[in-house]
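# Report on the structure
What follows is the residue order along each chain.
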Amino acid sequence: MNAAGVRHILDAIGNMFPDADCELNHSNAFELTIAVLLSAQCTDATVNKVTADLFQKYKSPEDYVSVPLEELEQDIRRIGLYRNKAKHIQNLCRILIMQYGGEVPSRHDELVKLPGVGRKTANVVVSNAFGVPAIAVDTHVERLSKRLGLAGWKDSVLEVEKKLMKQVPKEEWTLTHHRLIFFGRYHCKAQNPNCQVCPLLDVCREGKKRMKTLKLEKK
């Protein structure tokens with residue numbers, strides 16, 4: 001896609017969601033890291049319900065490692081894969097205490113070494129907690145990038161990230177990440193996208209097919 005086409009997409013989603021931001025409730029880099037770790041295969045809304053109590057009980061890495069694993073599991077049991085995530089949290093906290101003085105590292109290459117922290121989580125943390133431009137590719141960002149032709153249908157998550165980084169101005173990476181998530185969460189949903197009222201229907205490959213199918217069904 002040429003630069004004008006990319007600009008058209010960025011401006012359209014910007015007009016729709018000018019105030020898009022991270023919807024995971026947190027007050028510091030440590031809480032954000034825990035929240036993003038918990039959000040894997042789980043909605044932000046559910047994570048926020050769990051962390052409302054969790055962040056009152058646990059304020060520091062030391063707090064998480066001072067309780068039995070079973071107790072932490074119970075505290076997050078409403079979250080999918082809670083047993084694995086509880087293990088990751090305690091192991092992550094031990095590393096933070098032993099290697100980083102209890103602080104979350106600000107470098108991407110150090111974050112991805114932490115238990116339960118993949119590339120996507122690291123991108124969210126560095127961009128939201130430390131102001132480093134990054135594009136975290138979750139299911140919404142991947143789906144929309146492919147629907148809108150910013151990436152290929154068969155591209156891996158890493159390939160999608162690299163293509164977005166090439167096409168989107170660096171100073172807009174973090175904002176674009178948030179806006180794409182909002183666009184996917186509230187407008188261009190996986191199953192029932194609002195194609196009929198979409199300002200990007202003209203560049204959406206899947207949207208054009210859906211509208212053509214709708215017209216045929218109405219005949």
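Calculation criteria
Residues numbered from 1 in each chain as written. Predicted model: local features only at pLDDT ≥ 70, side-chain atom pairs only at ≥ 80, totals over all residues. Heavy atoms only, no water. Salt bridge = Lys/Arg side-chain N within 4 Å of Asp/Glu carboxyl O. Helix = DSSP H or I, 4+ residues; strand = E, 2+ residues; numbered from the N terminus. Buried < 20%, exposed > 50% of the residue type's maximum accessible area, 1.4 Å probe, protein only. Contact = heavy atoms within 4.5 Å. Core = buried A, V, L, I, M, F, W, Y, C linked by side-chain atoms within 4.5 Å.

## Comments concerning the pattern of salt bridges
For the coordinates displayed, the defined rule picks out 12 salt bridges. Notably, a salt bridge pairs R185 with D44, separated by 3.2 Å at the nearest N-O pair. Here the residue R185 occupies a position in helix α11 (residues 173–186), and D44 occupies one in helix α3 (residues 44–57), the gap between them amounting to 141 residues. Of the residues examined, R185 reaches a relative accessible area of 22% and is grouped as partly exposed.

## As for the side chain of T51
For T51, the position within the fold is in helix α3. Exposure remark for T51: the relative accessible area of 1% places this residue in the buried category. Discounting chain neighbours no more than four positions away, the residues touching T51 are N25 and L38.

## Some remarks on the nonpolar core
In terms of nonpolar packing, the biggest core is built from 36 residues, with L54, Y64, L72, I76 and I89 touching the most fellow members. Broken down by secondary-structure element, the contributors of at least two residues to this core are α2 (29–38), α3, α6 (82–100) and α8 (119–130). Formed by 26 residues, the second largest nonpolar core is a distinct cluster that contains L150, L180, F182 and C204.

## Focus: unusual backbone geometry
Here Q41, not a glycine, exhibits a phi torsion of approximately 55°, which is positive. Among the structural elements, Q41 can be located in the loop between α2 and α3. The exposure class of Q41 is exposed, given its relative accessible area of 74%. Here L81, not a glycine, exhibits a phi torsion of approximately 60°, which is positive. Taking relative accessible area as the criterion, L81 reaches 47% and is therefore assigned partly exposed.

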